[in-house]
Amino acid sequence: MNKFDRIDYRTVKSPAPDCTGVPVLLTDETMKERYGKVMSRMQKEGLDTLVVYADLEHGNNFEYLTGFLPRFEEALLVLNQNGRHYMIMGNENLNKVSSARISAEAIHAPYFSLPNQPMDCPDDIKAILAKAEIHSGKRIGIAGWKNFTSRFEDNKQLFDAPYYLVEAIRMLAGPEGSVSNATSLFIGENGARCINNVNEIEHYEFGAALASDCMLAAMDIIDAGVKETELGDALNALGQKNSVVTIAAAGKRFIKANLYPTENTVKTGDTISLTIGYKGGLSSRAGYAAEHASQLPDGSRDYVDAVVKPYFNAYVTWLETIRCGMKGGELYDTIEAVLPKAEYHWSLCPGHLTADEEWMSSPIYSGSKEDLVSGMLFQIDIIPSVPGYGGISAESTIALADSELQQQIRIQAPALWKRIEARRNYMEKELGIHLSPHVLPMASTVAYLRPLMLAKDMAMTVKSL
């Protein structure tokens, strides 16, 4: 029997859009809990001071404690083990300190401001940092956004903050002090940000569900003659900040290095790539603009059998297998067994954590001994690349939750729990997928895949046994 015989491509009822349209704010209790987790990890690591760097693209560890990104400037949050904290801000973000979700003293650093804005500051960078109690002899951690995991470098001495800041901090610490990369306090194994409470899951579910609904809307308008810009418009909603570049591409991509939707129109037989991400989750779909296999390019008309079924089988296996308490390496090996890398040429982690940013970190990699823990938010992100065929993707977001967390959601967020139950029911009854009991779909389109995107009533399923 063919190992993909359980996978079918048939007529399927589409899932219903279910984003509430109402963002969920983080509570004061959640922000206090976040602060406590980070301070506890500082103490465990023996740090006197933690310097958290931020800019708009690399500010999510900063945002985790302050509640906001510094928009177009740089910023520093300086936490001291003695309880005195500081926010070092540029010209246009200095006024945000009083509204931050953490209590900290404001320090003005015009060097963080935009080019040619006033920088007539009598203090140099070292003097400004010294005001935040960055002193000689201290054990100082710097957290940017990347937890380096190279086997060939001293990862604690790799920094993704600007050189002028790292240099100044090292000079202030002096030979009696130490400076190290401390991003691991936030992300990676045992990182403070890796596990979410009920309020955080609600907060992030809004973005995951919004991305899902927008993806469904975009897929529903795909047709020959539709412009990429029209698809891109369908993918964006409610004025929310994107966590990734919006992709709405028909046919060949990256023409003249362009990343964005253009006036190019969908043509029958084109490859299609769609991606939209918001805080809390991303939805991505790839396939062909075709109604049936005869419309695919020569040499790829067996696309559904050769590429899609193996991919969907791996996707379903992921959803059936993942559970609280398993090791990340075990899930990695499971996907390698059903979708061998040597044949299907996927190269990244088959799944990763998500939060304010699309890819936060991943415990799922070869040989990983990291535990998959209740409260983690995952992107199902397996990307095969088979020569001669277009891509395939159904990237979506799930939460991992044990019985205790599930009960907390039922009590504290009953409306969210009702949506989760409806999603699980759809996946079981319509798609034939029997989820691991620890999987909570964060969007209605988890596992909903139309590989031939003009056949809008068809999708991948698991056959009933």
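Up top you'll find the structure we're talking about.
Since the model is a prediction, treat every value here as computed from it, not as a measurement.

### Side note on the overall build of the chain
Then, in step 1: The number of helices and strands found in the chain is eleven helices and 15 strands.
Then, in step 2: Viewed in the frame of its principal axes, the chain has a C-alpha envelope of about 70 × 50 × 45 Å.
Then, in step 3: Burial statistics for the chain: of 465 residues in total, 55% are counted as buried.
Then, in step 4: When the accessible surface of the chain is split by element, carbon and sulfur atoms take 52% of a total near 19700 Å².
Then, in step 5: Distance from the positive charge centre (45 side chains) to the negative charge centre (58 side chains) of the chain: 2 Å.

### Quick word on the sheet that holds strand β5 (residues 105-108)
Then, in step 1: Spatially, the six strands line up as an open sheet ordered β5-β4-β3-β2-β6-β7, and their pairing is mixed. The strands lining the two open edges of the sheet, one partner per strand, are β5 and β7 (178-181). Here the average twist between neighbouring strands, direction ignored, is 20 degrees.
Then, in step 2: This element, helix α1 (residues 28-45), spans β2 (49-54) and β3 (75-80) of the sheet and lies at about 65 degrees to β3.

### Side note on the pattern of salt bridges
Then, in step 1: Applying the stated rule across the entire model yields 19 salt bridges.
Then, in step 2: Across the pair Arg419 and Glu205 runs a salt bridge, and its minimum N-O distance is 3.0 Å. Here the residue Arg419 occupies a position in helix α11 (residues 414-429), and Glu205 occupies one in helix α5 (residues 198-221), the gap between them amounting to 214 residues. There is no split in this pair, since Arg419 and Glu205 are both buried.
Then, in step 3: For Lys279, the salt bridge is made with Asp356, and the minimal N-O distance between the two is 2.7 Å. Pair noted here: Lys279 is in the loop between β9 (271-278) and β10 (281-288) and Asp356 is in the loop between β11 (352-353) and β12 (377-380), with a separation of 77 residues, a long-range link.
Then, in step 4: The partly exposed category is assigned to Lys279, whose relative accessible area is 26%.
Then, in step 5: Three or more residues joined by partner-sharing salt bridges are found here, namely Glu63, Arg193, Lys279, Asp356 and Glu357.

### Topic: the environment of Asp381
Then, in step 1: As for its placement among the helices and strands, Asp381 is situated in the loop between β12 and β13 (393-400).
Then, in step 2: By relative accessible area, which is 7% here, Asp381 ends up buried.
Then, in step 3: Expressed as a C-alpha distance, the spacing of Asp381 and Thr30, which sit 351 residues apart in the sequence, is 28 Å.
Then, in step 4: If we ignore the near neighbours within four places in the chain, the residues touching Asp381 are Cys349, Pro350, Gly351, His352, Trp359 and Glu395.
Then, in step 5: Within the structure, the side chain of Asp381 is placed 3.2 Å from the side chain of His352, a separation counted as a polar contact.

### Digging into the packing of α5 against α11
Then, in step 1: One can describe the packing of α5 onto α11 by two numbers: an axis separation of 11 Å at closest approach and a directional angle of 45 degrees. Accordingly, the angle class assigned to the pair α5 and α11 is oblique. Where α5 crosses over α11, the handedness of that crossing is left-handed. Within the contact between the two elements, α5 uses Ile201, Glu202, Glu205 and Ala209 and α11 uses Leu416, Arg419 and Arg423.
Then, in step 2: For the contact of α5 with α11, the residue count by class is three nonpolar, no polar and four charged.

### Some details on unusual backbone geometry
Then, in step 1: Located in the positive-phi region is Asn116, a residue other than glycine, with phi close to 70 degrees.
Then, in step 2: For Asn116, the location among the structural elements is in the loop between β5 and α3 (125-130).
Then, in step 3: Unusually for a residue other than glycine, Asn190 sits at a positive phi of about 65 degrees.
Then, in step 4: By the secondary structure assignment, Asn190 is in the loop between β7 and α5.
Then, in step 5: By relative accessible area, which is 59% here, Asn190 ends up exposed.

What counts, and at which threshold
Residues numbered from 1 in each chain as written. Predicted model: local features only at pLDDT ≥ 70, side-chain atom pairs only at ≥ 80, totals over all residues. Heavy atoms only, no water. Helix = DSSP H or I, 4+ residues; strand = E, 2+ residues; numbered from the N terminus. Buried < 20%, exposed > 50% of the residue type's maximum accessible area, 1.4 Å probe, protein only. Areas by Shrake-Rupley, 256 points an atom, 1.4 Å probe, with all protein chains shown as cover. Lys, Arg positive; Asp, Glu negative; His and termini not counted. Charge placed at Lys NZ, Arg CZ, Asp CG, Glu CD. Pairing = 2+ DSSP bridges. Axes fitted to C-alpha atoms, helices over the stretch in contact; angles between N-to-C directions. Contact = heavy atoms within 4.5 Å. Salt bridge = Lys/Arg side-chain N within 4 Å of Asp/Glu carboxyl O. Polar contact = N/O pair within 3.5 Å; in protein donor to acceptor, adjacent residues only side chain to side chain. Parallel < 35°, antiparallel > 145°, perpendicular 65-115°, else oblique. Left-handed = near helix turned anticlockwise from the far one by under 90°. Nonpolar A, V, L, I, M, F, W, Y, C, P; charged D, E, K, R; others polar.

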